[in-house]
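# Examining the three-dimensional arrangement
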Amino acid sequence: NVTFSYELCRLFEDFKRNGIDGTQLFGLAQAAPQINSKLKDISLIYSQYSANMTDSGNDMEQLYLQLGQSLPVSYTEKTQIFIDGFESFTHGQYAIIGRMLLMAEDVYISLTADRVCDNTNGTHPLSYTANTAAKLIALAKKLGVQAAAAEKMERQYRFANATLRNIDNYVLSKPLEQDDEKDNAFVTAFPTQFEEVSFAAAKINNLVKSGYSYDDIVIVCPQIEKYEHQLQESLSLAQIPYFIDQNRIIVASAPVVLFKNVLEVMDKGVNSSTVLPLLKTQLTCFDAESIDLLENYIYIWQGQQLD
């Protein structure tokens, strides 16, 4: 099963990022009799997977660990190192940072956090990053390297534009600045998602009429999976060209589905479970109306072999 294999590879990558090897996983399996057999199988597959990745030279975590052991002194000696913008590090990256701590003159690491140690049992929004800070301090202590007190940066350097700075202040519930710019930013609540997206579409059309091009405009949506279908419908009705930037799993893409179902037709024959997904990729010579008629026919005569 391609999807299962994909998810298993993702799981294995998580293991590697957290420094768990096949032997450790096998030991966990022995300590958990109720899930013993399945976990043992997974640990054996994981061990072989790790060996294959190492042999092929594609195991990034293994390369990180090797670099952490062999990073030349000349790269870091009498050097100040700045690591910026991270919320966490993998097992191999910690190995590299450890070697830098030992050999560099100074190492500065900036994190998006408001505390060094988390005392909320993971309920604070920045708990994950705070735990990273605690791990870095513990790593320095383990290596015998002095760690300076963490410095919290209160001043905002992010936005030079006053309007964007006010939006940021609004989100953080901080006082808004007084400036001469008017009506450049506003906050509006909508009773329904439909009205929210329709307003955005109308605003885009107004901007285009005033001289902007569609390339100048972007809708920033932190929950794209929630809004995607509504955006597609509203923007299409408003005749607004758009592109949705979203990661897709390759096994769900139309070419892969087409190829997979062609093989299933060859293996299992022509039936509704093999033909309909193939046609719905829209990569065949059948138009949408013909596909709809066929689907209705299959629905009425369920269980019958297609001619």
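What this report covers is the structure whose coordinates are included nearby. Values in this document were obtained by computation on a predicted structure and should not be read as measured data.

We now examine the nonpolar core. Counting 14 residues, the largest nonpolar core has I83, F89, I97 and M100 as the members making the most contacts within it. The set of elements that each furnish at least two residues to this core consists of strand 1 (80-86), helix 6 (91-103) and helix 7 (127-143). Element by element, the count of residues in this core is highest for helix 6, at six residues. Ignoring any residue separated from it by four or fewer positions in sequence, one finds I83 in contact with F89, I97, M100, V107, Y108, I109 and S110.

Following the criterion strictly, the structure yields seven aromatic pairs and no others. Ring centres 5.1 Å apart and planes at 50° place the aromatic pair F12 and Y49 in the tilted group. Note that F12 is positioned in helix 1 (residues 2-17) and Y49 in helix 3 (residues 36-56), a separation of 37 residues in sequence. The same class applies to F12 as to Y49, namely buried. Between F190 and F199, the ring centres sit 5.2 Å apart and the planes meet at 45°, which makes this aromatic pair tilted. Chaining the aromatic ring pairs together yields one cluster made of F12, F15, Y46 and Y49.

Moving on: the pairing of strand 2 (residues 106-111). As paired strands, strand 1 and strand 2 are joined by five bridges and run parallel to one another. Counterpart to F86 in the pairing with strand 2 is L111. Following the chain from strand 1 across helix 6 to the adjacent parallel strand 2, one finds a crossover that is right-handed.

Okay, a nonpolar patch on the surface next. Taken together, the side chains of L164, I167, Y170, V171, L172 and V187 make up a nonpolar region of the molecular surface, amounting to roughly 580 Å² of accessible area. Along the chain, V171 turns up in helix 8 (residues 162-171). On the basis of relative accessible area, V171 is assigned to the exposed category, the value being 61%.

Once that is clear, we can look at unusual backbone geometry. Its identity is not glycine, yet K78 carries a phi of approximately 55°, on the positive side. Looking at the element boundaries, K78 is found in the loop between helix 5 (73-76) and strand 1. K78 gets classed as exposed once you look at its relative accessible area, which sits at 71%. The phi torsion at Q239 lies on the positive side, around 60°, for a residue other than glycine. Here Q239 shows up in the loop between helix 10 (224-237) and helix 11 (254-268).

Cut-off values and rules
Residues numbered from 1 in each chain as written. Predicted model: local features only at pLDDT ≥ 70, side-chain atom pairs only at ≥ 80, totals over all residues. Heavy atoms only, no water. Core = buried A, V, L, I, M, F, W, Y, C linked by side-chain atoms within 4.5 Å. Buried < 20%, exposed > 50% of the residue type's maximum accessible area, 1.4 Å probe, protein only. Helix = DSSP H or I, 4+ residues; strand = E, 2+ residues; numbered from the N terminus. Contact = heavy atoms within 4.5 Å. Phe/Tyr/Trp six-rings, centres within 6.5 Å; stacked < 30°, edge-to-face > 60°. Pairing = 2+ DSSP bridges. Right-handed = clockwise from strand over helix to strand, strands pointing away. Patch = residues over 30% accessible without salt bridge, like charges linked within 9 Å, V, L, I, M, F, W, Y side chains within 5 Å. Areas by Shrake-Rupley, 256 points an atom, 1.4 Å probe, with all protein chains shown as cover. Salt bridge = Lys/Arg side-chain N within 4 Å of Asp/Glu carboxyl O.

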